[in-house]
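Structural overview
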Amino acid sequence: MARYTGPRDKVSRRFGVELFGPSKSFARRPFPPGQHGVRAGRKKKSDYGVMLAEKQKLRFQYGVLEGQFRKYYEEASRRRGITGEILLQLLELRLDNVVYRLGFANTRAAARQMVSHGHVTVNGRKVNVASFNCSPGDVIAVAPKAASQTLVTRYADLTQTVVVPDWMECDKDKFTGKISRVPTKEEIAPIVNEQLIVELYSR
């Protein structure tokens, strides 16, 4: 099963980072996309533009809509701790992202589809909401039905080299995983400066 490219790679080039995983077609160009890009050159962004770009990069990376993203920020700001780091943790603990991190799918989009089609269970119960918030102790597994097992086996061929993060446990033979603890910022290794996102919403 080939990884979907196309518009996703254009978005990655726009922000200068690989938002949806490694891509051979990705390359940072010294000019904007489009037929007039070479002549126009890259204009220096305003402070607001830089902050907005950071938010959009993170939003696109996790496949979250604008309204959903704002709710994640509001939830992070209500909790005790560093708002930017909590925001990253909330996004990282989305069920679709956990499925992706466990190597049960080769992209977050594929993981989201697996969840929405009922191929994933949490603590033995089917969950078809991609934004479901996972917690330490939760056991995530591929549903036992034949269609689910066949699908994840196909993805397994594409994710053999995926390293499962230390904050999760995974049994790739049984297609099950467990969240041991909440990931740290260093383990998430964000592609953005999350503090700029906090500053954007604080304006």
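Residues numbered from 1 in each chain as written. Predicted model: local features only at pLDDT ≥ 70, side-chain atom pairs only at ≥ 80, totals over all residues. Heavy atoms only, no water.

Structural notes on the pattern of salt bridges
Evaluated as defined, the whole model comprises 10 salt bridges. The salt bridge partner of Arg 112 is Asp 96, with a shortest N-O separation of 3.1 Å. Taken as a pair, Arg 112 in helix H7 (residues 108–116) and Asp 96 in helix H6 (residues 95–101) lie far apart in primary sequence, 16 residues in all. The class of Arg 112 is partly exposed, set by a relative accessible area of 23%. According to the relative accessible area criterion, Asp 96 is buried, its value standing at 1%. Of the charged contacts in the structure, one is a salt bridge between Arg 181 and Glu 187, with a shortest N-O distance of 2.6 Å. (Salt bridge = Lys/Arg side-chain N within 4 Å of Asp/Glu carboxyl O. Helix = DSSP H or I, 4+ residues; strand = E, 2+ residues; numbered from the N terminus. Buried < 20%, exposed > 50% of the residue type's maximum accessible area, 1.4 Å probe, protein only.)

Points about the environment of Gly 177
Along the chain, Gly 177 turns up in strand S5 (residues 176–179). A residue is classified by how much of its surface remains accessible, and Gly 177, at 5% relative accessible area, is buried. Separated by 37 residues in the primary sequence, Gly 177 and Ile 140 place their C-alpha atoms 5.1 Å from one another. Here Gly 177 is in contact with Leu 102, Phe 104, Asp 138, Val 139, Ile 140, Glu 169 and Cys 170, once residues within four sequence places are set aside. (Contact = heavy atoms within 4.5 Å.)

Describing helix H3 (residues 47–62)
The end-to-end C-alpha distance of H3 is 24 Å, a good match for the 22 Å that 16 residues give at a rise of 1.5 Å each. Within the sequence span of H3, burial applies to Gly 49, Met 51, Ala 53, Glu 54, Lys 55, Gln 56, Lys 57, Leu 58, Arg 59, Gln 61 and Tyr 62. Positive phi appears at Gly 63, one or two residues downstream of H3, with a value of about 70 degrees. (Expected span 1.5 Å × (residues − 1).)

Remarks on the environment of Val 142
Checked against the element boundaries, Val 142 lands in strand S3 (residues 139–142). A relative accessible area of 6% means that Val 142 is categorised as buried. As a C-alpha pair, Val 142 and His 119 span 23 residues in sequence and 5.8 Å in three-dimensional space. Apart from the residues within four sequence positions on either side, Val 142 is in contact with Phe 104, Met 114, His 119, Ser 148, Gln 149, Val 152 and Phe 175.

Section: the packing of aromatic side chains
Geometrically, a pair of aromatic rings is defined through the distance of the ring centres and the angle of the planes. Tallied over the full model, the rule gives three aromatic pairs. With a centroid separation of 6.2 Å and 90 degrees between ring planes, the pair formed by Phe 104 and Phe 175 is classed as edge-to-face. Of the two residues, Phe 104 sits in the loop between H6 and H7 while Phe 175 sits in the loop between strand S4 (168–171) and S5, which places them 71 residues apart along the sequence. Side by side, Phe 104 and Phe 175 carry an identical accessibility label, which is buried. Through successive ring pairs, a cluster of aromatic residues spans Phe 69, Tyr 73 and Tyr 201. Positioned above the aromatic ring of Tyr 62 is the side chain of Arg 108, whose terminal nitrogen or guanidinium carbon lies 4.7 Å from the ring centre. (Phe/Tyr/Trp six-rings, centres within 6.5 Å; stacked < 30°, edge-to-face > 60°. Lys NZ or Arg CZ within 6 Å of the ring centre and 35° of its normal.)

Focus on unusual backbone geometry
The backbone of Phe 175 shows a phi angle near 55 degrees, a positive value even though the residue is not glycine. Note on Phe 175: relative accessible area 11%, which makes it buried. Of note in the backbone geometry, Ala 189 takes a positive phi value of approximately 50 degrees without being a glycine. Examined against the element boundaries, Ala 189 turns out to sit in the loop between helix H9 (185–188) and helix H10 (194–202).

Notes on the sheet that holds strand S2 (residues 125–126)
Remark on secondary structure: sheet strands pair via backbone hydrogen bonds, oriented parallel or antiparallel. If you walk across this open sheet you meet the five strands as S2-S1-S3-S5-S4, and the pairing is antiparallel. Of all the strands in the sheet, just S2 and S4 have a single pairing partner and so form its edges. Where S4 lies against S5, four bridges are found, and the strand directions are antiparallel. From the neighbouring strand, Cys 170 faces S5, where its bridge partner is Gly 177. (Pairing = 2+ DSSP bridges.)

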